[in-house]
Amino acid sequence: MASSASFSPALQAATIFPSTWSQSSRSSPSKLGTILSMGRRKELESLRVSVATEPRVAVPWQLVETEGDGDGKLAAWTSIRQERWEGELVVVEGEIPLWLNGTYLRNGPGLWNIEDYNFRHLFDGYATIVRLHFENGRLFFGHRQIESEAYKAAIKNKRVCYREFSEVPRPDSFLSYVGELASLFSGASLTDNANTGVIKLGDGRIVCLTETIKGSIQIDPHTLETIGKFEYTDNLGGLIHSAHPIVTETEFWTLLPDLVRPGYTVARMEPGTNERKVIGRVNCRGGPAPGWVHSFPVTEHYVVVPEMPLRYCAQNLLRAEPTPLYKFEWHPESGSYVHVMCKASGKIVASVEVPHYVTFHFINAYEERDEDGRVTSIIADCCEHNADTTILDKLRLQNLRSFAGQDVLPDARVGRFRIPLDGSPKGELEAALDPEEHGRGMDMCSINQAYLGKKYRYAYACGAQRPCNFPNTLTKIDLVKKKAKNWHDEGGVPSEPFFVARPGATEEDDGVAISMVSDKNGEGYALVLDGSTFEEIARAKFPYGLPYGLHGCWIPKNAS
Ligand SMILES: CC(=O)/C=C/C=C(C)/C=C/C1=C(C)CCCC1(C)C
Ligand SMILES: CC(/C=C/C=O)=C\C=C\C=O
Ligand SMILES: [Fe+2]
């Protein structure tokens, strides 16, 4: 396959995108792998011809394969091999449920090099958006690079031009691109590389996000084309926000850390607008800066604001060389807190000290009531790394690429906070189930969205089958029985299992979990697991393996 260093999107774009499907360039059956029976393959081949009539851009497999097939490398940490691809996945094992109609989009940092310069960290890569479009049992697949200013500048100038998670441009690269007007040591130097997640706003717009506010980019969910920057029309200012706003049909909540007066602004945006309105503010209880807020949870009536001792560091944000904790610092002396704000009034109803914790991802939260219906406490669950920051270093590409059979993934658990609302100064944090149930790996979670902010039972996440250096299983957690069911395919790295409920379902786990597996030998496939039994229902082979991806969203058929 193309070495990551030789990726040249501009050139590839010119050579690999015919404007119509070219029948002569369809794969020969032998190239479709050995999974299909001959009968099923013929049937699918004929389906595929019918795809030719669709006005879709399709990239022929043969052109893809001129780059060479799997090269023995795990696809997960290998840069995406070309700028885009689109077509039908015809090599399907199992049956895709006929009720599963809609589009799953997944975003992530898929390009970790410019020319022969290789990036350091998983979170540095330029955003690759992947699309799985399910239609009456068929599956259409595509991927495309998001055309952020940072990505376009890097391609044009053949070097990093903006500050990424850990990568920093050489001063001359930045100035030659942005000009003397902006200083390398200013907010203007921060990236807009929207490589972390993708959300569907209540009004239907699809926006890719990262932690810089300028890195909010609207895309077309059909073509994956970059529409342009999502401009916030308010005057909230600031440079960074949570990468995971809470988004439903009617609500949008976000947190903006304030690095000048340590605290957080809680803001809400109505569907159809680009204007965030401030609902309230939380002042930090400790430390020189707010804790990192990659995500936060809400309940029906409250916003939960975490304050971790892993705190932003303004100097590190603008430093030339990465520090051990990148843009952050560990301040155990500052204490760990959780604050609870009333959604309606913006008032803080609880602010408790809790045991130290490190989390990227909250899973869900809900209100506990007494027999009179009064809310007595908030339960908030997260993927918790045992208050250990070493996970950040484990996500350096060099570490991810150098697995030699040793078990080096730090332990993680489902951390459950109980936050009393009776004025008590302390909250609790405990494992919600024995972490051995999921191999002591725990991150990249989803739930049935109908249970967001409500008492819930099931969480889907990535767990571990050890030895490993990265979460390598999919796990379904039953928080009532305190048990997990695990799915594993040796050597593969599955991405976040995204739960999609069956239309009309009444059981919480009636639906599927969708994931994409970046496999050995440069291969990969889309995976559909039954949400209830957690058995595999279908897998569909990609034309080539994809780099690991982070978070996704679901666009149901009638909304796409
Ligand atoms: C857990 C995870 O996915 C985190 C991703 C974090 C990112 C992409 C953070 C990016 C940042 C910048 C690009 C510049 C400013 C600092 C910071 C928020 C760390
Ligand atoms: C992939 C990851 C952590 C894995 C460790 O167990 C964190 C990703 C965060 C991005 O959103
Ligand atoms: Fe995330």
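- The name an unreviewed UniProt entry assigns to the chain is Carotenoid cleavage dioxygenase 8, chloroplastic, from the organism Cocos nucifera.

## Thoughts on unusual backbone geometry
Right, on to step 1. The omega torsion across Arg466 and Pro467 is 5 degrees, close enough to zero to call that bond cis.
Right, on to step 2. Looking at where Pro467 falls in the secondary structure, it is placed in the loop between strand S26 (458-463) and strand S27 (473-478).
Right, on to step 3. Unlike most non-glycine residues, Asn136 shows phi in positive territory, near 50 degrees.
Right, on to step 4. Structurally, the position occupied by Asn136 is in the loop between strand S6 (126-135) and strand S7 (138-145).
Right, on to step 5. Of note in this structure, Tyr326 is not a glycine but carries a positive phi near 60 degrees.
Right, on to step 6. Relative accessible area serves as the criterion here: at 5%, Tyr326 is assigned to the buried category.

## Some points on the site of ligand 2
Right, on to step 1. Taken together, 13 residues sit near ligand 2, with His294, His361, Ile391, Pro471 and His551 positioned nearest.
Right, on to step 2. Here His361 contributes a side-chain N or O atom positioned 3.1 Å from an oxygen atom of ligand 2.
Right, on to step 3. One nitrogen or oxygen atom from the side chain of His551 is found 2.7 Å from an oxygen atom belonging to ligand 2.
Right, on to step 4. Protein burial of ligand 2: of its 340 Å² of free accessible surface, 99% is covered by the chains.
Right, on to step 5. More than half of the atoms belonging to ligand 2 lie within 2 Å of the grid points that define the largest cavity.
Right, on to step 6. Put simply, the parts of the chain that give the shell around ligand 2 at least two residues each are strand S21 (359-369) and strand S25 (443-446).

## Some details on the sheet that holds strand S14 (residues 263-269)
Right, on to step 1. Ordered in space as S12-S13-S14-S15, the 4 strands form an open sheet in which the pairing is antiparallel. One side of each edge strand has no neighbouring strand; the edge strands of this open sheet are strand S12 (246-247) and strand S15 (276-283).
Right, on to step 2. Pairing of S12 with strand S13 (residues 252-258), which is carried by 2 bridges, proceeds in the antiparallel orientation. Paired with Ile246 across the strands is Trp253, a residue of S13.

## Notes on empty space enclosed by the protein
One water molecule sets the probe size; rolling that probe over the atoms shows where empty space is left.
Right, on to step 1. With the rule as written, the count across this model stands at 9 cavities of 30 Å³ or more.
Right, on to step 2. If you trace the largest cavity, you find 38 residues lining it, with Phe123, Phe165, Glu211, Trp292 and His294 closest to the centre.
Right, on to step 3. Elements with a minimum of two residues in the lining of the largest cavity: S21 and S25.
Right, on to step 4. Partitioning the lining of the largest cavity into residue classes produces 22 nonpolar, 11 polar and 5 charged.

## Concerning the site of ligand 1
Right, on to step 1. Within the structure, ligand 1 sits among 17 residues, and Phe123, Thr210, Glu211, His294 and Leu317 are positioned closest to it.
Right, on to step 2. Taken by itself ligand 1 offers 490 Å² of open surface, and the protein chains cover 98% of this.
Right, on to step 3. Grouping the constituent residues of the shell around ligand 1 by class yields 8 nonpolar, 6 polar and 3 charged.

## A look at the nonpolar core
Right, on to step 1. Counting residues in hydrophobic clusters, the biggest one holds 107 residues, and the most contacted among them are Leu132, Phe134, Phe417 and Ile419.
Right, on to step 2. Setting aside residues no more than four positions away along its own chain, Phe417 makes contact with Val338, Val354, Tyr357, Phe362, Ile378, Ile379, Ala380, Cys382, Glu428 and Leu429.
Right, on to step 3. The next biggest cluster of nonpolar side chains, apart from the first, holds 17 residues, and it includes Ile379, Val414, Leu433 and Ile447.

## Details of the coordination of the iron ion (ligand 3)
Four donors placed tetrahedrally about a metal ideally form angles of 109.5 degrees, and six donors placed octahedrally ideally form angles of 90 or 180 degrees.
Right, on to step 1. Distances from the iron ion (ligand 3) to its protein donors, His244 (NE2), His294 (NE2), His361 (NE2) and His551 (NE2), fall within 2.0 to 2.1 Å.
Right, on to step 2. On the primary sequence, the residues serving as donors to the iron ion (ligand 3) are separated as H-x49-H-x66-H-x189-H. Placement of the pair is His294 in the loop between S15 and strand S16 (302-307) and His551 in the loop between strand S33 (536-541) and strand S34 (552-556), with a sequence separation of 257 residues.

## A closer look at the state of the cysteines
Right, on to step 1. Inspection of every chain in the model, using the stated rule, returns 0 disulfides.
Right, on to step 2. Free cysteine Cys313: the closest other cysteine sulfur is in Cys284, separated by 14 Å.
Right, on to step 3. A disulfide-free cysteine, Cys468 has its sulfur positioned 11 Å from the sulfur of Cys462, the nearest such atom.
Right, on to step 4. Judged by relative accessible area, Cys468 falls into the buried class, the value being 3%.

## Here's the deal with the UniProt feature "binding site: Fe cation" (unreviewed entry) in the chain
Right, on to step 1. Within this structure's numbering, the places UniProt gives as "binding site: Fe cation" (unreviewed entry) are His244, His294, His361 and His551. Considering the C-alpha atoms alone, the annotated residues occupy 308 residues of sequence yet fold into one spot, their largest mutual distance being 12.4 Å. From the list above, the largest cavity is lined by His294, His361 and His551.
Right, on to step 2. Excluding residues that lie within four positions of it along the chain, His294 makes contacts with Thr196, Glu211, Ser242, Ala243, His244, Phe360, His361 and His551.
Right, on to step 3. Of the polar contacts made by the side chain of His294, one reaches the side chain of Glu211; its length is 2.5 Å.
Right, on to step 4. Assignment of secondary structure puts His361 in strand S21.
Right, on to step 5. What His361 contacts, discounting residues up to four positions off in sequence, is His244, His294, Ser295, Cys382, Cys383, Asp443, Met444, Cys445 and His551.

## As for the sheet that holds strand S24 (residues 428-431)
Right, on to step 1. Strand order in the open sheet formed by 4 strands is S21-S22-S23-S24, with antiparallel pairing between adjacent strands. Strands with a single pairing partner mark the edges of an open sheet, and in this sheet they are S21 and S24. When strand polarity is set aside, the average angle formed by the axes of neighbouring strands in this sheet is 25 degrees.
Right, on to step 2. Where strand S22 (residues 375-384) meets strand S23 (residues 413-420), 8 bridges bridge the pair, whose relative direction is antiparallel. Looking across to S23, one finds that Cys382 is bridged to Gly415.

## A closer look at the pattern of salt bridges
Right, on to step 1. Scanning the entire structure with this criterion turns up 30 salt bridges.
Right, on to step 2. Residue Lys200 pairs with Glu249 through a salt bridge whose shortest N-O separation is 3.2 Å. With Lys200 in strand S8 (residues 197-200) and Glu249 in the loop between S12 and S13, this pair connects stretches of sequence that are 49 residues apart.
Right, on to step 3. Classification of Glu249 as exposed rests on a relative accessible area of 52%.
Right, on to step 4. When the shortest N-O distance is used, the salt bridge between Asp411 and Arg466 registers 3.5 Å. On the criterion of sequence distance, the pair formed by Asp411 in the loop between helix H8 (397-401) and S23 and Arg466 in the loop between S26 and S27 is long-range, its members being 55 residues apart.

So, how was this worked out
- What you see as residue numbers is a count from 1 along each chain, following the sequence as written.
- Each chain takes a letter, starting from A, and each ligand takes a number, starting from 1, following the order in which they are written.
- Only residues with pLDDT of 70 or above have their local features reported here, since the model is predicted, and side-chain atom pairs are shown and tallied only from 80 upward, although totals for entire chains, interfaces and linings are computed over all residues.
- Side-chain figures throughout are based on the complete set of non-hydrogen atoms in the structure, without hydrogens or water.
- Runs of E in the DSSP output that reach at least two residues are strands. Runs of H or I that reach at least four are helices, and both are numbered from the N terminus.
- Summary of the burial criterion: residues with accessible area below 20% of their type's maximum are buried, those above 50% are exposed, and those between are partly exposed, where the area comes from a 1.4 Å probe applied to protein chains only.
- Here a residue is considered near a molecule or strand provided that any single heavy atom belonging to it is located within 4 Å of it.
- The definition of a polar contact used here is a pair of N or O atoms within 3.5 Å, where within protein one atom must be able to donate a hydrogen and the other to accept one, and adjacent residues in sequence count solely through side-chain atom pairs.
- Surface accessibility in these figures is a Shrake-Rupley result with a 1.4 Å probe; residues are shielded only by whichever protein chains are displayed.
- A cavity here means a set of 1 Å grid points, computed over protein atoms only, where a 1.4 Å probe fits but cannot escape. A pocket is an open set with protein on both sides within 12 Å along at least 5 of 7 lines, and lining residues have an atom within 4 Å of a point.
- Throughout, a molecule is located in a cavity or pocket provided that more than half of its atoms lie within 2 Å of its grid points.
- Strand pairing follows a simple DSSP-based rule, namely that at least 2 bridges must link the two strands.
- Grid points are joined across faces, edges and corners, and a volume is the space filled by probe spheres set on the points.
- Amino acids outside the nonpolar list (Ala, Val, Leu, Ile, Met, Phe, Trp, Tyr, Cys, Pro) and the charged list (Asp, Glu, Lys, Arg) are all regarded as polar, and Gly is one of them.
- Residues grouped as a nonpolar core are buried Ala, Val, Leu, Ile, Met, Phe, Trp, Tyr and Cys residues, joined through side-chain atoms within 4.5 Å.
- Throughout, a contact is declared for two residues whenever any of their heavy atoms are within 4.5 Å.
- Note on donors: an N, O or S atom is included if it sits within 2.8 Å of the metal, or within 3.2 Å for Na, K and Ca, and water is never included, so sites can look incomplete.
- The definition used for a disulfide is geometric: two cysteine sulfur atoms within 2.5 Å.
- UniProt positions are given in the numbering used here, feature names are shortened, and annotations may be inferred rather than shown by experiment.
- Every axis in this analysis is a line fitted to C-alpha atoms, fitted for helices over the stretch in contact. Angles between the N-to-C directions lie between 0 and 180 degrees.
- Salt bridges are identified by distance alone: a Lys or Arg side-chain nitrogen within 4 Å of an Asp or Glu carboxyl oxygen.

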